[in-house]
Amino acid sequence: MKVENSAELSRRIEELKREKNAVILAHYYTTPEVQAVADYLGDSLALSVRAQSVDADIILFAGVHFMAETAKVLCPEKKVLIPCPEAGCSLAESCDAAEFAAFKAQHPGHTVVSYVNTTVGVKALTDICCTSSNALKVVESIPADQPVIFAPDRNLGAYIQKLTGRQNMVLWNGACHVHEEFSLEKLLKLKQEHPEAKVVAHPECRAYILEAADYVGSTAGILEYCGRSDAQAFIVVTESGILAEMKKRYPAKTFIPAPPDDETCACNNCRYMKMVTLENICACLEREAPEIVLDEEVRRSAERSILNMIAIK
Ligand code: 13P
Ligand code: SF4
């Protein structure tokens with residue numbers, strides 16, 4: 001019954017895309033059935049860049065709220081739809097724009113670097129955005145003697161601080177509920193059980209997890225690494241949605257998801273990303289709602305910070 005429903009919904013979604021000249025951008029953390037109806041699948045950097053060049057009247061963003069907002073910031077003339085506006089992000093929510101403005105005022109003269117996992121209000125207070133793919137390049141583009149505020153992810157910030165050796169970086173104290181939950185003890189046990197496997201981790205994980213990893217990188221970086229590495233098995237310390245794309249790209253290799261501390265909570269699943277379903281995508285395309293609508297002044301300020309990021313090659 002479920003399979004028939006999914007097949008029927010997918011067929012209807014394809015029909016609606018054609019009728020309405022719409023495209024679906026989806027993040028790797030969405031469910032495999034949502035990924036299957038996407039025209040473009042990517043990490044947050046790839047999807048923001050892709051949004052700029054899509055030839056369509058409507059962009060439906062199958063991902064969390066800040067990602068759809070980013071697409072709208074970059075494509076104000078297009079209708080940007082979000083199938084589940086309640087799909088937030090614990091990291092973006094850990095940085096309230098008014099509190100961030102006060103934090104910024106306490107650190108005058110700092111260049112503000114914010115991870116793309118922020119609300120449009122925080123992006124508007126930012127000089128240069130970054131994603132986990134380009135955070136190092138973005139911070140390195142700022143003169144070494146220029147103090148920096150890095151927000152909102154304290155783990156990514158600390159990792160970049162370690163790589164650059166930069167002392168003049170102030171970190172906002174935010175984190176992602178998925179990436180903070182991985183257990184070092186369980187990871188080390190898995191490593192013992194699979195000594196041939198390489199450990200790949202997202203930089204939103206805590207420092208002790210990153211120290212145990214063979215490769216640290218963004219979602220796209222991890223996918224590429226698993227392809228180019230000679231290893232045949234990988235312990236994956238990031239959100240579990242990425243496993244679908246890993247298995248699709250490298251069917252001969254083995255991917256072992258690292259367990260969170262509390263294995264009953266399924267916390268290596270981003271509960272927000274899993275709120276996007278074929279049902280709400282189909283309903284959203286039918287109704288052309290909910291739509292992302294932004295205040296133009298805020299949008300322009302946020303756009304400047306994203307374009308500053310994209311300009312850094
Ligand atoms: P990427 O920048 O790797 O796509 O990660 C986004 C994200 O939400 C990680 O939790
Ligand atoms: Fe946000 Fe974490 Fe989900 Fe990524 S995995 S969207 S950072 S809550």
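Higher on the page you've got the structure.
Residues numbered from 1 in each chain as written. Chains lettered and ligands numbered in written order. Predicted model: local features only at pLDDT ≥ 70, side-chain atom pairs only at ≥ 80, totals over all residues. Heavy atoms only, no water.

A. Fine view of the site of ligand 2. Not every one of the 13 residues close to ligand 2 is listed here, only the nearest: Cys89, Asn117, Cys176, Glu204 and Cys270. Of the residues in the shell around ligand 2, the class split is nine nonpolar, three polar and one charged. (Near = heavy atom within 4 Å. Nonpolar A, V, L, I, M, F, W, Y, C, P; charged D, E, K, R; others polar.)

B. Focus on the packing of aromatic side chains. The full count for this structure, using the stated rule, is seven aromatic pairs. Summarising the aromatic geometry, the rings of Phe100 and Phe103 are spaced 6.2 Å apart at their centres and angled 25 degrees between planes, so their arrangement reads as stacked. One end of the pair is Phe100 and the other is Phe103, both in helix 6 (residues 97–106) and three residues apart, which spans about a single turn. An identical accessibility class is assigned to Phe100 and Phe103; each is buried. Relative to Tyr225, the ring of Tyr215 lies with its centre 4.5 Å away and its plane at 10 degrees, an arrangement referred to as stacked. Here Tyr215 is found in strand 10 (residues 215–216), whereas its partner Tyr225 is found in helix 12 (residues 219–228), with 10 residues between them in sequence. Of the two residues, Tyr215 and Tyr225, both sit in the buried class. Among the aromatic residues, those joined into a ring-pair cluster are Tyr215, Tyr225, Phe234, Tyr250 and Phe255. (Phe/Tyr/Trp six-rings, centres within 6.5 Å; stacked < 30°, edge-to-face > 60°. Helix = DSSP H or I, 4+ residues; strand = E, 2+ residues; numbered from the N terminus. Buried < 20%, exposed > 50% of the residue type's maximum accessible area, 1.4 Å probe, protein only.)

C. Examining the environment of Ala302 more closely. Examined against the element boundaries, Ala302 turns out to sit in helix 15 (residues 296–311). For Ala302, a relative accessible area of 0% gives the class buried. Along the chain, Ala302 and Val73 lie 229 residues apart, while their C-alpha atoms are 6.9 Å from each other.

D. Representation of the site of ligand 1 within the structure. Surveying the vicinity of ligand 1 reveals the residues His27, Tyr29, Asp43, Ser44, Tyr115, Asn117, Ser132, His179, His202, Glu204, Ser218 and Thr219. In this structure, an oxygen atom belonging to ligand 1 sits 3.0 Å away from a side-chain N or O atom of Glu204. Protein coverage of the free-state accessible area of ligand 1, which is 300 Å², stands at 95%. (Polar contact = N/O pair within 3.5 Å; in protein donor to acceptor, adjacent residues only side chain to side chain. Areas by Shrake-Rupley, 256 points an atom, 1.4 Å probe, with all protein chains shown as cover.)

E. Looking closely at the sheet that holds strand 3 (residues 58–62). One open sheet holds the four strands; their spatial order is 2-1-3-4, and the pairing between them is parallel. Here the strands that pair on one side only, and so sit at the sheet edges, are strand 2 (40–42) and strand 4 (79–81). On average, each strand axis in the sheet is inclined to that of its neighbour by 20 degrees, with strand direction left out of account. Relative to strand 2, strand 1 (residues 22–27) runs parallel, the two being bridged by three bridges. Within strand 2, the position partnered with His27 by the bridge is Gly42. (Pairing = 2+ DSSP bridges. Axes fitted to C-alpha atoms, helices over the stretch in contact; angles between N-to-C directions.)

F. Here's a closer look at the sheet that holds strand 5 (residues 111–115). Here we have four strands laid out as an open sheet, ordered 6-5-7-8, and parallel in their pairing. Only two strands of the sheet have a single neighbouring strand rather than two, namely strand 6 (128–130) and strand 8 (169–171). Mean inter-strand twist for the sheet, computed between neighbouring axes without regard to direction, equals 25 degrees. Taken together, the three bridges between strand 5 and strand 6 define a ladder with parallel strand orientation. Across the sheet, the residue bridging to Ser114 is Cys129, located in strand 6. Strand contacts of helix 6: strand 5, strand 7 (148–151) and strand 8, with the helix running at about 160 degrees to strand 7, the strand carrying the most contacts. Sitting on the sheet, helix 9 (residues 154–164) is in contact with strand 5, strand 7 and strand 8, with an inclination near 160 degrees to strand 8. (Contact = heavy atoms within 4.5 Å.)

G. Expanded view of the side chain of Ser240. Secondary-structure assignment places Ser240 in the loop between strand 11 (233–237) and helix 13 (242–249). Ser240 gets classed as buried once you look at its relative accessible area, which sits at 19%. Not counting residues up to four positions away in its chain, the partners in contact with Ser240 are Asn268 and Asn269.

H. The arrangement of the environment of Phe182 in detail. Along the chain, the position of Phe182 falls in the loop between strand 8 and helix 10 (184–193). Between the alpha carbons of Phe182 and Ala51 there is a distance of 32 Å; along the sequence they are 131 residues apart.

I. Representation of the pattern of salt bridges. In this structure the tally under the stated criterion is 19 salt bridges. Here Arg154 and Glu180 are joined by a salt bridge, their closest N and O atoms 2.7 Å apart. Residue Arg154 is located in helix 9, and its partner Glu180 is located in the loop between strand 8 and helix 10; the two are separated by 26 residues in the primary sequence. On the basis of relative accessible area, Arg154 is assigned to the partly exposed category, the value being 27%. Its salt-bridge partner being Glu296, residue Arg299 comes within 2.9 Å of it at the nearest N-O pair. With Arg299 and Glu296 both in helix 15 and three residues apart, this pair spans about one turn of that helix. Arg299 sits in the buried class, given a relative accessible area of 6%. Its relative accessible area of 37% is what places Glu296 among the partly exposed residues. The network of salt bridges with common partners includes Glu8, Arg11, Arg12, Glu15, Glu19 and Glu286. (Salt bridge = Lys/Arg side-chain N within 4 Å of Asp/Glu carboxyl O.)

Nothing here speaks to function; it is all geometry.
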